[in-house]
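The chain contents come next:
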Amino acid sequence: MLLEIFDPTARPRPIGIDLGTTHSLVAAVRNERPEVLLDCNQEALVPSIVAYDGEEIIVGTPAKARAAIHPTTTIVSVKRFMGRGGDDPETRRMGPYEFVTPKDGEANVVRFRVGRDETVTPVEVSSEILLELKRRAEDEIGTVGGVVITVPAYFDDAQRQATKDAGRLAGLDVLRLLNEPTAAALAYGLDKKKNGTFAVYDLGGGTFDVTILLLDDGVFQVKSTGGDSALGGDDMDQAIAHFFATTLGWEETKMPPAFKRLLLDTARTAKHALTDAETFTVDLPTAAGETRAVAITRAHFEELIVGLLERTGKAAKRALRDAELAAKDLDGVILVGGSTRVPAVRAYVKKIFEQEPLVDLDPDQVVALGAAIQAEMLAGDQLEEQALLLDVIPLSLGIEVGGGVVDKILPRNTTIPTAARASYTTQEDKQTGFEIHVVQGERELAADCRSLARFTLRGIPPMAAGMAKLEVTLRVNADGLLDVEAKELTTGIEQTVSVKPTYGLDDEAVEKMLMDAIDFGEDDLLRRRLAEARVEGQRILRGTEKALAADAALLEEGERAGIDIAMANLRAAIEGTEPSRVTAAIESLDKATNPFAGRRMNRAIAQAVEGRKLDEIEKGV
């Protein structure tokens, strides 16, 4: 028997964790090389499945065996629920679970019923998987130190925060959240010692990312990123399961939970088998209660997933455009994620990138290896080679300004960590606060973007419109998490909030954000111009009304009628839908009020100098 003896005085060892949809792994650097840590059966992969059996919580392979018997209390593919809203209708489609509606006052998150009076959230389920990986690491390397956990590049702020919360709940010191494609490139670059521009095509069980990176002597610079946080091998399984159910005469709404789980598990088995075989046949019960053999061929399977592959292709082509590159400019394509083992996926990758993908590193392990390397670097230890990681934010960040327009402060694909600020002013006299609405997305109007947070900066002394000065700073840290700072410059009043929404984007929401930004680009710009023109028109109307009320005596005979007509025309233009009409009406009102404004200015100057000598005025100038 071989025993590994740990030094009780040895420092805690950093680890890297790939928290996957289907499987999870833990890795560490030993003897200056990263390696995946195995269990006592020499298995690397831990099924990302958690079963709740009374007071007992079962994780991994034993939980997987229990899923078919207890489908509602055995949570599979929990990563797809991370950061989602409890009222998201898409959650109901992703498994045979009993969901609990949040009570008044409770956070709007997904809750699974796993006992008569017991519910758990995706964060709690994920923490059990992380805890199991932590135990494995402790068995292999002793005391665990800091950890780097990988996340899909297209995880939004809510999903990242949920992942970090799961780590803390598992008792882990989370050093960094690292984008999965960046982790894979880090492992690949240091292992193969190659420079160049690479695409990382990461298709896992529940998420898809594509990232364009520049590898240059230890510097890993992300040029662009794209993807879909709700697309992966699970969708392939559901396509096969739907085919089986239709063939056997089942209606999805009438399937018992146990049969639904059996169908999904069988579909996954079929997907794996069709990697090598041309046909997969299985006996399954029909809706009429009989048992029937049903078969699916590889060719049919590939037909079922054509739409899924095309969705990855759109994201890949957009990432190339954002990086200002063509497929022929790439030095290689790195495959990541177990779903890239599907022959149709590899053929599709070859087609869109016009070259054979690199498959010499295990796509299941490469992300965990990269996470271990990054953890070791952050812990301050030296590897054979160090690396500098320059990642990016996937979607633009900004705030809502007058008229519902978005002022984008941090554009997408900005390198992180980063910060940027913008200055604003009040629109109303005696305004004593600023309502700050932080949004994420590519559209021109806030209503079309994802709302991240709202808060109010209060206590501003009442001043004339335009006198108060607000400075808003957005900071995105290395984990991709956002802090917002708002400060009124004349008083020094400030407030800082960490953006922590309670739910994530819907299925395909990020993809839709970007596609909508392209499809509705011209309409959005027109709507933005109209909103801005309306805000300006309303400001001028308020100012004119105020001046007329204060100084009506300065009006000449017949002048008021012309001003009233110009104001009526401006109000009508504001109610319309053409920004050019609003602009023209503003100009007409300006022309109509110019003589009146001049007399007001002359009177103000005369009042200011009345009774003062010329030399006094000169000294004051």
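These lines cover the structure that appears in this document, whether it is placed above or below. Since the structure is predicted, the reported quantities are computational estimates derived from the model, not experimental observations. Each chain has its residues counted from 1, following the order in which its sequence is written. In view of the model being predicted, local features appear only for residues whose pLDDT reaches at least 70, and side-chain atom pairs are presented and counted only at 80 or more, with totals across whole chains, interfaces and linings using the full set of residues. Side-chain numbers come from the whole structure's heavy atoms, not from hydrogens or water.

Moving on, we come to the overall build of the chain. Scanning the chain for helices and strands turns up 15 helices and 27 strands. For the chain, the proportion of its 621 residues judged to be buried stands at 53%. We call two residues in contact when some of their heavy atoms are within 4.5 Å. Nonlocal contacts in the chain, meaning residues at least 24 apart in sequence, comprise 67% of its contacts between residues at least 6 apart. Here the accessible surface of atoms and residues is derived via Shrake-Rupley with a 1.4 Å probe, and residues count as covered only by protein chains that are part of the display. Carbon and sulfur atoms form 50% of the exposed surface of the chain, whose accessible area is close to 28,400 Å². The way it works is that DSSP assigns letters per residue, a run of H or I at least four long becomes a helix, a run of E at least two long becomes a strand, and they are numbered from the N terminus. Exposure is judged per residue with a 1.4 Å probe applied to protein chains only, and the accessible area is read against the type maximum: over 50% gives exposed, under 20% gives buried, and values in between give partly exposed.

Now for the side chain of R66. Within the element layout of this structure, R66 appears in helix α1 (residues 61–66). Looking at R66, the relative accessible area reads 11%, which means it is buried. In terms of polar contacts, R66 uses its side chain to reach the backbone carbonyl oxygen of Y52, at 3.3 Å. Two N or O atoms count as a polar contact when they lie within 3.5 Å, although within protein this holds only if one can serve as hydrogen donor and the other as acceptor, and sequence-adjacent residues are included solely when both atoms are side-chain atoms.

So, about unusual backbone geometry. The backbone phi angle of Q42 is positive, close to 65°, even though this residue is not glycine. In this structure, Q42 sits in the loop between β3 (33–36) and β4 (46–47). Despite not being glycine, E354 has its phi angle at roughly 60°, a positive value. Here E354 shows up in the loop between α9 (343–353) and α10 (366–378). We classify E354 as exposed; its relative accessible area is 60%.

Here we take up the pattern of salt bridges. By definition, a salt bridge exists where a carboxyl oxygen of Asp or Glu is found within 4 Å of a side-chain nitrogen of Lys or Arg. Counted according to the given criterion, the structure contains 27 salt bridges. Ionic pairing is found between D237 and K271, a salt bridge with its closest N-O pair at 3.1 Å. With a gap of 34 residues between them, D237 in helix α5 (residues 233–247) and K271 in helix α6 (residues 257–273) connect regions that are remote in the sequence. With respect to class, D237 is no different from K271; both count as buried. In this structure, the salt-bridge partner of D362 is R341, at a minimum N-O distance of 3.0 Å. Placement of the pair is D362 in the loop between α9 and α10 and R341 in the loop between β17 (332–336) and α9, with a sequence separation of 21 residues. Overlapping salt bridges, with partners in common, bring together D234, D237, R268 and K271 in one network.

Between any two strands, pairing holds if DSSP finds at least two bridges. Here three strands make up an open sheet; going across it, the order is β6-β5-β7 and the pairing antiparallel. Since the sheet does not close on itself, it has two edges, and those belong to β6 (56–59) and β7 (74–76), each with one partner. Strand-to-strand twist across the sheet, computed as the mean angle between neighbouring axes with direction ignored, equals 15°. Direction of pairing for strand β5 (residues 49–53) relative to β6: antiparallel, over a ladder of four bridges. Bridge pairing in β6 links Y52 to I57. To get an axis, fit a line to the C-alpha atoms, keeping to the stretch in contact for a helix; angles then go from 0 to 180 degrees between the N-to-C directions.

All right, on to the packing of aromatic side chains then. Aromatic rings from Phe, Tyr and Trp, taking only the six-membered ring of Trp, are treated as a pair when their centres fall within 6.5 Å; an angle between ring planes under 30 degrees marks them as stacked, one over 60 as edge-to-face, and anything in between as tilted. All told, the structure shown has nine aromatic pairs when counted by the stated rule. Look at F81 and Y97: their rings are 6.0 Å apart centre to centre, the planes differ by 75°, and that puts the pair in the edge-to-face class. One end of the pair, F81, is in the loop between β7 and β8 (112–115); the other, Y97, is in the loop between β7 and β8, with 16 residues separating them in the sequence. For F81, a relative accessible area of 1% corresponds to the buried category. Taking relative accessible area as the criterion, Y97 reaches 9% and is therefore assigned buried. Put simply, the rings of F81, Y97, F99 and F112 touch in pairs and so form one group of aromatic residues.

How two helices sit against one another is set out by the angle between their axes and by the gap between those axes. Contact geometry of helix α2 (residues 122–141) with helix α3 (residues 157–169) gives a least axis separation of 8 Å together with a crossing angle of 55°. The pairing of α2 with α3 is recorded here as oblique in orientation. You can see that α2 and α3 cross each other, and the crossing is right-handed. Contact with α2, carried on its side by V123, E124, S126, S127 and L130, involves A162, D165, A166, G167 and L169 of α3 and no other residues of that element. Considered class by class, the residues forming the contact of α2 with α3 number five nonpolar, three polar and two charged. Throughout, the term roughly parallel applies to angles under 35 degrees, roughly antiparallel to angles over 145, roughly perpendicular to angles from 65 to 115, and oblique to all others. Helix crossings fall into two classes, left-handed where the near helix is turned counterclockwise from the far one by less than a right angle and right-handed where it is turned clockwise. Charged means Asp, Glu, Lys or Arg here, nonpolar means Ala, Val, Leu, Ile, Met, Phe, Trp, Tyr, Cys or Pro, and polar covers whatever is left, Gly included.

What follows concerns the environment of A270. Looking at the element boundaries, A270 is found in helix α6. Taking the relative accessible area as the measure of exposure, A270 reaches 0% and is therefore buried. For the pair formed by A270 and V282, sequence separation is twelve residues and the distance between their alpha carbons is 8.7 Å. With near-sequence residues (within four places) excluded, A270 lies in contact with I240, F244, F280 and I296.

Another aspect to go through is helix α8 (residues 306–322). Here, expected helix span is obtained from the residue count minus one, scaled by 1.5 Å. Helix length check: α8, at 17 residues, gives a terminal C-alpha distance of 25 Å against a target of 24 Å (1.5 Å per residue), a fit within 8%. The set of residues buried in α8 consists of L308, L309, T312, G313, A315, A316, R318, A319 and L320.

Moving on to the environment of T496. Within the secondary structure layout, T496 lies in strand β27 (residues 494–498). What T496 contacts, discounting residues up to four positions off in sequence, is V484 and E485.

In any sheet, the strands associate via hydrogen bonds between backbone groups, in a parallel or an antiparallel arrangement. Here we have four strands laid out as an open sheet, ordered β20-β19-β23-β24, and antiparallel in their pairing. In this open sheet, the two edge strands, each paired with only one partner strand, are β20 (405–410) and β24 (450–458). Averaged over neighbouring strand pairs, the angle between their axes works out to 30° when direction is ignored. Sheet topology note: the strand β23 (residues 433–440)/β24 ladder contains eight bridges and is antiparallel. By the bridge assignment, V438 is partnered in β24 with A453.

End to end, α6 covers 24 Å across 17 residues, agreeing with the expected 24 Å (1.5 Å per residue, within 8%). Of the residues making up α6, those classed as buried are F259, K260, R261, L263, L264, T266, A267, R268, A270 and K271. Buried residues along α6 sit in contact with β7, α5, β15 (279–285), β16 (291–297) and α7 (298–304).

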